Amino acid sequence: MNVDRELARIEKHLVTQDPLLASKLKTFEQITAPRPRTAGRRHAFLLAAVVLALLALASALAAGTAAEHPRPPQVVREHPTGTGQERDGR
């Protein structure tokens, strides 16, 4: 406790004696002070988390549907019957 008081007293004395030092100390305090989180920053983090979650969900769904097909593949014939090929006589 006494050390804190003594340091505060020395700081006060130095600040009154040297205004340039006082301005530098104030600038240093502003730089090193913790900044409050802004709402914009929180929204950006939330948006990034939602986008990542949606990408993970889409990837998981795509991986699940790629392995299983609901119906077998269909074969398409080159010349289906009944297209008029027989009429020409070819």
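Residues numbered from 1 in each chain as written. Predicted model: local features only at pLDDT ≥ 70, side-chain atom pairs only at ≥ 80, totals over all residues. Heavy atoms only, no water.

Draft legend 1. Just the overall build of the protein chain, in detail. The number of helices and strands found in the protein chain is 3 helices and 0 strands. Shown N-terminal to C-terminal, the secondary structure of the protein chain runs as helices and strands in the order α-α-α. (Helix = DSSP H or I, 4+ residues; strand = E, 2+ residues; numbered from the N terminus.)

Draft legend 2. Fine view of a nonpolar patch on the surface. Among the surface-exposed residues, L46, V50, L54, L57 and L61 lie close enough to one another that they form a single nonpolar patch of about 490 Å² accessible area. For L46, the position within the fold is in helix α3 (residues 39-67). Residue L46 is classed as exposed on the basis of its relative accessible area, which comes to 53%. (Patch = residues over 30% accessible without salt bridge, like charges linked within 9 Å, V, L, I, M, F, W, Y side chains within 5 Å. Areas by Shrake-Rupley, 256 points an atom, 1.4 Å probe, with all protein chains shown as cover. Salt bridge = Lys/Arg side-chain N within 4 Å of Asp/Glu carboxyl O. Buried < 20%, exposed > 50% of the residue type's maximum accessible area, 1.4 Å probe, protein only.)

Draft legend 3. Quick peek at the packing of helix α1 (residues 2-17) against helix α2 (residues 19-32). Running from N to C, α1 and α2 cross one another at 125 degrees; their axes reach a closest spacing of 5 Å. The angle between α1 and α2 places the two elements in the oblique class. Only P19, L21, A22, L25 and E29 of α2 make contact with α1, whose side of the interface consists of E11, L14, V15 and Q17. (Axes fitted to C-alpha atoms, helices over the stretch in contact; angles between N-to-C directions. Parallel < 35°, antiparallel > 145°, perpendicular 65-115°, else oblique. Contact = heavy atoms within 4.5 Å.)

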